[in-house]
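Residue-level structure breakdown
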Amino acid sequence: MRRAKLDELEEQLAKQLAEVRIERDELAVAERVLERVSAELADERVSAASAPGQVGGRAVMLIPHREPGMEENTLPPEYQRILSAVRQAAGPVMAREVGDMLAVDVRVKSKLEPLRGKLVRLTDRGWLRKLPDGRFTTHI
């Protein structure tokens, strides 16, 4: 009688062990797929952030919204330079001052306004903060 119970228990345990091994193998496959998909998504985010998009048939740079832990290197180089200039300023700066720091001819409106647009874009995406008086500063 005891032997029959032990044989039955052994059979149940062997069945459970086989199920555990199958589930563990499936989990390993799922983990590999998750790692691969995560890596592909990260690559796509980086390339999408630095690759020009198309709007109305014109190439435009896509500026990502700032998220926790996001590095500035996800921004196009020109935007990185603007952000760096604002950061290096002694305090909040006007677009004209940023233009001076970046060697933009701020006396020419057609050169200053695109810079102002980029500063506003960086503000809208959470990379900068615009004060009520129109000056820009980095997030603190």
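Computed from a predicted model, the values in this text were never measured in an experiment.

The biggest cluster of nonpolar side chains holds 20 residues, and the ones touching the most others in it are L75, I82, V98, L115, L119 and L122. Of all the elements in the fold, those that place two or more residues in this core are α2 (77-88), α3 (95-101) and α4 (109-124). When residues in this core are grouped by element, the largest group, 5 residues, is from α2. Discounting chain neighbours no more than four positions away, the residues touching L115 are I82, A95, V98, G99 and L102.

Right, let's get into the confidence of the model for the protein. Per-residue confidence for the protein gives a mean pLDDT of 85, with 86% of residues at or over 70. Summarising per-element confidence for the protein, the mean pLDDT is lowest in strand β1 (residues 52-55) (61) and highest in strand β3 (residues 128-130) (93).

By the secondary structure assignment, R81 is in helix α2. A relative accessible area of 46% means that R81 is categorised as partly exposed. Each C-alpha atom of the pair R81 and V98 lies 9.9 Å from the other, and the pair is 17 residues apart in sequence.

Conventions adopted
Residues numbered from 1 in each chain as written. Predicted model: local features only at pLDDT ≥ 70, side-chain atom pairs only at ≥ 80, totals over all residues. Heavy atoms only, no water. Core = buried A, V, L, I, M, F, W, Y, C linked by side-chain atoms within 4.5 Å. Buried < 20%, exposed > 50% of the residue type's maximum accessible area, 1.4 Å probe, protein only. Helix = DSSP H or I, 4+ residues; strand = E, 2+ residues; numbered from the N terminus. Contact = heavy atoms within 4.5 Å. pLDDT = per-residue confidence, 0-100.

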